[in-house]
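Chains, contacts and geometry: an overview
Now for the letters of each chain:
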Amino acid sequence: IHNQFDAIVDFADVEKFLDTPVKRYSSGMYVRLAFAVAAHLRTEILIVDEVLAVGDAEFQKKCLGKMQDVAEGEGRTVLFVSHQMHSVSTLCSRGVFLDAGRITYDGSVSCAVDTYMQSFSERSDFELSVNRRLGEGGVVLTNASVEPDCIGVTDDLDLTFRLERRHEHIESLYMACLIVNEQGRDVVHFDSRFVHPHFSVEGQTEGHLRVRNLWLKPGRYRVDLAVCGDAIHDRVEGAAVFSVVEPLPYPYTNDELRPKGVVLGDFSIEVGTEPATI
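Each value, and the rule that gives it
Residues numbered from 1 in each chain as written. Predicted model: local features only at pLDDT ≥ 70, side-chain atom pairs only at ≥ 80, totals over all residues. Heavy atoms only, no water. Helix = DSSP H or I, 4+ residues; strand = E, 2+ residues; numbered from the N terminus. Expected span 1.5 Å × (residues − 1). Buried < 20%, exposed > 50% of the residue type's maximum accessible area, 1.4 Å probe, protein only. Arc of directions from axis to C-beta. Core = buried A, V, L, I, M, F, W, Y, C linked by side-chain atoms within 4.5 Å. Salt bridge = Lys/Arg side-chain N within 4 Å of Asp/Glu carboxyl O. Pairing = 2+ DSSP bridges. Axes fitted to C-alpha atoms, helices over the stretch in contact; angles between N-to-C directions. Phe/Tyr/Trp six-rings, centres within 6.5 Å; stacked < 30°, edge-to-face > 60°. Polar contact = N/O pair within 3.5 Å; in protein donor to acceptor, adjacent residues only side chain to side chain. Left-handed = near helix turned anticlockwise from the far one by under 90°. Contact = heavy atoms within 4.5 Å. Nonpolar A, V, L, I, M, F, W, Y, C, P; charged D, E, K, R; others polar.

Taking 1.5 Å of rise per residue, 13 residues should cover 18 Å, and helix H2 (residues 27-39) covers 18 Å from first to last C-alpha, within 8% of that figure. Inspection of H2 places Gly28, Met29, Arg32, Phe35, Ala36 and Ala39 among the buried residues, and these make up the whole buried set. One side of H2 carries all its buried residues, which in axial view fall inside an arc of 135°.

Shown next, in the form of structure tokens:
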């Protein structure tokens, strides 16, 4: 650590806070420093557990780059534990899916991701004891559901959730929602701060999220929810699941003409003065 001190400080971006006791660091600063120390040591195996769950996009990019350097450039083993399937698919060459401490699958990354995503479909209701959650627990998510759980491409998405405050003096909260497709790819992100200031929770409070004109492609989706303030109070992956069903809202769509991409769109095309012909 002494030999790598300057590199660690630079990577963690904590130079301005070297004289500040670590106990006063935010959770993000703490994780940045911990990862920087671990990544710059000469261990044969680097174990990285959910480090990307805390930190901004720039730090996450640095982490992924460093892990690739460790694995490919230095030939060391990286054990990357994460629920972020896009990062797993980008970084890893082998996938292991653990469910309640048991190995459910061990093999290719793509099959491991598929097994993980299918596990959400097996849960029809939100479970308070779900293992896929993290946070300090000041405010927790006690229920979440999409009604109905099967919608058409052009239908609105209605999500109902319930929050419970378990600690005193917690204010300035916000909600974040992430919709993830069957391939583990983040499709769309919603944040309550986009539309109104922070809110507070007294006892148990019910909330609603309505998404209009989303136009998701047919398939199965999961909803990740987080309630945050000065820290992550509760973050639940797969708090709810729902399906988008056919038909597609285009008059000439058939089995040979299937839209690519992640979402559909309401569009028109004109070429010259006559309808486009092929």
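Having seen the structure, we can now continue with the description.
One finds Leu225 and Phe242 to be the most contacted residues of the largest nonpolar core, which totals 33 residues. Every element with two or more residues in this core is listed here: strand E6 (139-146), strand E8 (157-165), strand E9 (174-180), strand E12 (219-228) and strand E13 (232-245). Ranked by residues supplied to this core, first place goes to E13 with five residues. If you look at the next biggest cluster of nonpolar residues, it comprises 28 residues, including Phe11, Tyr25, Met29 and Val180.

Take unusual backbone geometry next. Between Glu147 and Pro148 the backbone carries a cis peptide bond, its omega angle lying at -10°. Mapping Pro148 onto the fold places it in the loop between E6 and strand E7 (150-152). In this structure, Trp215 takes a positive phi of about 55° despite not being glycine. Trp215 gets classed as buried once you look at its relative accessible area, which sits at 11%.

The next thing to look at is the pattern of salt bridges. On inspection of all chains with the given rule, the structure shows 11 salt bridges. Where Arg165 meets Glu202, a salt bridge forms, and the shortest distance between an N and an O atom there is 3.6 Å. Within this pair, whereas Arg165 is found in strand E8, its partner Glu202 is found in the loop between strand E10 (186-191) and strand E11 (204-211), the two being separated by 37 residues in sequence. The partner of Arg222 in a salt bridge is Glu237, and the shortest N-O contact between them spans 3.9 Å.

A few words on the sheet that holds E6. Taken in spatial order, the three strands of this open sheet run E6-E8-E11, and their pairing is antiparallel. The sheet terminates laterally at E6 and E11, the two strands that pair on one side only. Looking at each pair of strands side by side, their axes are set apart by 20° on average, direction ignored. Bridge count for E8 against E11 is eight bridges, and the pairing is antiparallel. In the sheet register, Leu159 faces E11, and the bridge partner there is Leu209.

The next thing to look at is the pairing of strand E1 (residues 45-49). Only one face of E1 is buried, namely the one carrying Leu46 and Val48, since none of Ile45, Ile47 and Asp49 on the opposite face is buried. Note that E1 and strand E2 (residues 77-81) share five bridges and pair parallel. Bridge pairing in E2 links Ile47 to Leu79.

Following the criterion strictly, the structure yields five aromatic pairs and no others. Their ring planes at 15° and their centres at 5.6 Å tell us that Tyr221 and Phe242 sit as a pair that is stacked. Here the residue Tyr221 occupies a position in strand E12, and Phe242 occupies one in strand E13, the gap between them amounting to 21 residues. Grouping residues by exposure puts Tyr221 and Phe242 together as buried. Ring-pair connections join several aromatic residues into one group, and the members of that group are Trp215, Tyr250 and Phe267.

Okay, the side chain of Asp234 next. Position of Asp234 among the secondary structure elements: in strand E13. Here Asp234 falls in the buried class, since its relative accessible area comes to 5%. Looking at Asp234, its side chain comes within polar contact range of the main-chain nitrogen of Leu141, at 2.9 Å.

Moving on to the packing of helix H1 (residues 5-12) against H2. At a minimum axis distance of 9 Å, the contact between H1 and H2 shows a crossing angle of 145°. H1 and H2 meet at a crossing whose hand is right-handed. Together, Ile8, Phe11 and Ala12 of H1 and Arg32, Leu33, Phe35, Ala36 and Val37 of H2 make up the contact between the two elements. Counted by class, the contact of H1 with H2 contains seven nonpolar, no polar and one charged residues.

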